[in-house]
Amino acid sequence: GFAMEAAKDEKSGAWVGGANPAEEEQKESLSLDEKWTGVRAAAMSYFARRKTAYDNMSIQRKKRLQEVALHCVFVVLFSWVALSARDTQEAHFLVEGVSNEITGAPIPSICSETKNFWGVGNIGDFWTWLQEAAIPNLYPSNETLSLLDHRYLGVNYFVSNITVRQVRIKHQSCSKEIPGSLRDRITSCYYPFDKDLMETNPEPVMQQVTGNSTFSWNHTGFSWTYKEGTHDNRIDSLFDKEYGNGGFVWNLGDTRREALASAAEAIRQGFIDQAYTRAIFFEYVIYNPGVNLFVACTLSFEVPSTAGITKHTSFRAVNLYRFGRSRSLVALIFEILMFAFVILFLVMEVRKMESHRKRYFHDGYNVMTLLNIIIFVIVIIMEVYTIFEADKALKLEGQEWVDYDIHNLVYWTYQVYNWNAFNALLTWLKTLKYVDLVNNKTTQLVETLAKASTSILVLMLLFCILYCGYGIAFFMAFGQDVEDFRSLKTSIVSLFRAMLGDFDFATLQRANRVLGPVLFISYVILIFFCLLNMFMAVIMKAYDEVVEELAKDNDELSSGIRKALKRSVLKLFRSKKARDKALEEKGDRVLSEQELQQVFDMEREQFVRMGILNPNYLISIADTDLDGAVSLAELKHLQSSAEDDEVAGNQDIPIEEVLSQMQEEQRSQRLLLTQVLMKLQTQTQLLQTGHAPDALDKGSNGSHAGDGNGAT
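Our subject in this report is the structure included herewith. (Residues numbered from 1 in each chain as written. Predicted model: local features only at pLDDT ≥ 70, side-chain atom pairs only at ≥ 80, totals over all residues. Heavy atoms only, no water.)

### Remarks on the side chain of D125
Working step 1: You can see D125 is positioned in helix α4 (residues 123-138).
Working step 2: Although D125 is buried, it forms no salt bridge, and the closest oppositely charged side chain is K311 at an N-O distance of 7.9 Å.
Working step 3: Dropping the residues within four chain positions of it, D125 is found in contact with I110, G119 and V120. (Helix = DSSP H or I, 4+ residues; strand = E, 2+ residues; numbered from the N terminus. Buried < 20%, exposed > 50% of the residue type's maximum accessible area, 1.4 Å probe, protein only. Lys, Arg positive; Asp, Glu negative; His and termini not counted. Salt bridge = Lys/Arg side-chain N within 4 Å of Asp/Glu carboxyl O. Contact = heavy atoms within 4.5 Å.)

Here it is as structure tokens:
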């Protein structure tokens, strides 16, 4: 039985855990039936209350585990789909090879240190690059061989003609916008690009840069047409403009000879000029059958209204043929399965919002989940569009396929990748919600940020005020002289890089010998030395508090799941011999599963009334050290925690009076529960020694009153 020694309660004077030697004779004379009747109600009421709380917690645990399982499956599925839909490694080498070939092609006669694409500095350089580098590099050396029959770089095929597209502005009079003394000499102004000023006349009439004469292009010698734009295309623009995909499109031709002749005629007619041209796009599309990727190539030239040219490149490798290969087809099937998960999550979140209403938005994880689902819905719409549009485009043949604007399709396919980048971040961030099931210390990051959120917001407000002030100051002081501060946006980005150690102090000092050092040194002192260190101090203080709180592990839901998982793992991998040995080391101060089964059989009716149908249920509630048995210390701990529970008892059990009495006499309750445990152990001993359970009902006759097996 329990190897317990007598201990006297100092306040109540009652002997707990053993018998008072002076009163032993009196207690032995009491009937065991009377003792059991007195303590059974208290014990059963405790189990009833604990069972109700345990059942509620079990339901929450099951829901949490289901949610975790769904999320884990979805994360794996989404990650696989995202990575397989865009093979970044193969695409990287394909894009790198194509890009280096066209941008690195030499231009022998250009007046620049960089004699290639990156050395183009004006309209004249553009024409030189086109005739001496672009056309010879892209078209086959055989001047009569068609471009579409040519294998570019040995393994790639052109799937469209090479085109030059330009975006122009209209002629504008500016006689009222310049000083009066200059109006007689200046009749035209060449404005920066604006959508309202964009030339949309299919047959434009241009004015000569000098004089008042006008001119227009004809279609003799080179083929051009006007194309209406269908979407905005924001390139990596120095001026942050959206030129769209419309404008005047010039088809270079099918062979090298045609392309060179067409270029010469375009130069003669002034197809591109500094006055009205604001952007030039050199575009073509190639296909690599080995990796099943289309590459949309765009080399952009921005022509500001001041002077010069800025250059940008865009090489987008996408998979448009989703049905022809087993790998792409499998990825598409898994993608459809992933979208089914998204719909399931959407339904779950809608139901949660209906039940929680405004409280739903009090949880940051709920807001993040809702945002993630919204982005997934946007991705689904774009994905469906691109799949059906690509299928329709790839069925075109002949000239219809050559004339098809595949750049538009590639643009929207690329947007799917970009939006899925946000989805990947949000989906993996949501995993932080469930890592506490592994260990409560894994929540330190989120708990630290939550605890320090108020202080962080205050510091962020101060940071924004100072940061915006310095951004404007650096822009005004160095905007004309230093490229990194040429605009407010680039100024703010450059100051952030300066916080990370990426700055050029010498350039600032050359631009302004006074303001350069003053602004930079004050910025470093206030932002870096003061605000950033205050931020670190706030984080460290919150972190210390979180570590102290997590040491208590007060989250009953998460800790319960961890214990249940640990119990399952131990039961699965720990042999019965090892479990028995662990119980023997405790000196038989526990009730094993077999002993509880015997006790449960004796009081089956009472346990069944509470809904406890087997002793394993009791072990699940009381076994905190996961050894598969119940000890006295474990039940005492559960008793003390049950006194603080606010869960109502089972209404089917008449225990209201007992519960009231337990609340008024807590110390008596602990004594009663101790006697119950001793009673349970005594019953087990009798069964193990071969005595009939009915002997317990004859304790008042003295049959076992003095043999050492009595309740005392």
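### Regarding the pattern of salt bridges
If charged atoms from side chains of opposite charge come close, those side chains can pair.
Working step 1: Under the counting rule described, the total for this entry stands at ten salt bridges.
Working step 2: The partner of K352 in a salt bridge is E349, with the nearest N and O atoms 3.9 Å apart. Taken together, the residues K352 and E349, both in helix α6 (residues 326-356) and three residues apart, mark about one turn of the helix.
Working step 3: Under the relative-accessibility criterion, K352 is labelled partly exposed at 22%.
Working step 4: On the accessibility criterion, E349 (7% relative accessible area) is buried.
Working step 5: Between E389 and K392 there is a salt bridge, and its shortest N-O distance comes to 3.5 Å. Of the two residues, E389 and K392 are both situated in helix α7 (residues 364-394); the distance of three residues between them amounts to about one turn of the helix.
Working step 6: The exposure class of E389 is buried, given its relative accessible area of 15%.

### Considerations on the pairing of strand β5 (residues 163-168)
Working step 1: Counting buried residues along β5, six of its six residues qualify, which places the element largely inside the surrounding structure.
Working step 2: Taking every second residue as pointing to the same face, both faces of β5 are buried, with T163, R165 and V167 on one and V164, Q166 and R168 on the other.

### Considering the nonpolar core
Working step 1: Core analysis: the largest hydrophobic core is formed by 50 residues, its most contacted members being W129, L130, W250, L252, F282 and Y284.
Working step 2: Of all the secondary structure elements, the ones that give two or more residues to this core are α3 (88-103), α4, β10 (223-227), β11 (247-251), α5 (256-269), β12 (277-288), β13 (293-302) and β14 (310-318).
Working step 3: By residue number, the principal contributor to this core is α4, which donates nine residues.
Working step 4: Once residues lying within four places of it in the same chain are set aside, the contact partners of F282 are W129, L130, A134, L138, I162, T163, V164, L252, C297, T298 and L299. (Core = buried A, V, L, I, M, F, W, Y, C linked by side-chain atoms within 4.5 Å.)

### Re the packing of aromatic side chains
Working step 1: If you walk through the whole model with that rule in mind, you get 38 aromatic pairs.
Working step 2: Of the aromatic side chains, those joined through ring pairs into one cluster are F117, W118, F126, W127, W129, Y152, F158, W250, F271, F282, Y284 and F301.
Working step 3: The positively charged end of R316 is found above the aromatic ring belonging to Y414, 5.4 Å away from the centroid.
Working step 4: Above the plane of the ring of F345 lies K430, whose end atom (NZ or CZ) is 5.6 Å from the centre. (Phe/Tyr/Trp six-rings, centres within 6.5 Å; stacked < 30°, edge-to-face > 60°. Lys NZ or Arg CZ within 6 Å of the ring centre and 35° of its normal.)

### Brief notes about α7
Working step 1: Relative to the 45 Å expected for 31 residues at 1.5 Å per residue, α7 spans 44 Å between its end C-alpha atoms, a close match to the ideal helical length.
Working step 2: The N-terminus of α7 is capped by D363, whose side-chain oxygen sits 3.0 Å from the backbone nitrogen of Y365. (Expected span 1.5 Å × (residues − 1). Polar contact = N/O pair within 3.5 Å; in protein donor to acceptor, adjacent residues only side chain to side chain.)

### Some points on helix α9 (residues 406-430)
Working step 1: Here α9 is 25 residues long and its end C-alpha atoms lie 36 Å apart, about the 36 Å a rise of 1.5 Å per residue gives.
Working step 2: N-capping of α9 is provided by D405, with a side-chain oxygen placed 3.3 Å from the backbone N of H407.

### Considering a nonpolar patch on the surface
Working step 1: There is a patch of nonpolar side chains on the surface, built from W80, V330, F334 and L337 and spanning about 340 Å² of accessible area.
Working step 2: If you tally residues by element for the nonpolar patch, the top one is α6, at three residues.
Working step 3: Here F334 lies in helix α6. (Patch = residues over 30% accessible without salt bridge, like charges linked within 9 Å, V, L, I, M, F, W, Y side chains within 5 Å. Areas by Shrake-Rupley, 256 points an atom, 1.4 Å probe, with all protein chains shown as cover.)

### Some remarks on the packing of α4 against α5
Working step 1: The geometry of α4 relative to α5 is characterised by a closest axis approach of 11 Å and an angle of 175° between their N-to-C directions. As far as their axial angle goes, α5 and α4 are roughly antiparallel. Taken together, the residues of α5 that come into contact with α4 (itself represented by W127, L130, Q131, I135 and P136) are R256, A259, L260, A263, A264, A266 and I267.
Working step 2: Partitioning the contact of α4 with α5 into residue classes produces ten nonpolar, one polar and one charged. (Axes fitted to C-alpha atoms, helices over the stretch in contact; angles between N-to-C directions. Parallel < 35°, antiparallel > 145°, perpendicular 65-115°, else oblique. Nonpolar A, V, L, I, M, F, W, Y, C, P; charged D, E, K, R; others polar.)

### A short note on the pairing of β14
Both faces of the sheet carry side chains from a regular strand, because those side chains alternate between them.
Working step 1: Judged by how many residues are buried, β14 sits mostly within the fold: seven of nine residues are covered.
Working step 2: Bridging between β13 and β14 involves nine bridges; their strand directions are antiparallel. Within the sheet, the bridge partner assigned to C297 lies in β14 and is F315. (Pairing = 2+ DSSP bridges.)

### Re the packing of helix α11 (residues 453-478) against helix α14 (residues 515-550)
Working step 1: Put simply, α11 and α14 touch, their axes get as near as 11 Å, and they point 165° apart. In this view, α11 runs roughly antiparallel relative to α14, as classed from their interaxial angle. As for the relative orientation of α11 and α14, their crossing is left-handed in sense.
Working step 2: Looking at side-chain class alone, the contact of α11 with α14 contains 22 nonpolar, three polar and no charged residues. (Left-handed = near helix turned anticlockwise from the far one by under 90°.)

### Looking at unusual backbone geometry
Working step 1: A positive phi angle is found at L153, which is not glycine, with a value near 55°.
Working step 2: In this fold, L153 is placed in the loop between β3 (151-152) and β4 (156-158).
Working step 3: Among the residues examined, L153 registers a relative accessible area of 39% and is labelled partly exposed.
Working step 4: At R357, a residue that is not glycine, the phi angle is positive and equals roughly 55°.
Working step 5: Position of R357 relative to the elements: it lies in the loop between α6 and α7.

Nothing here speaks to function; it is all geometry.
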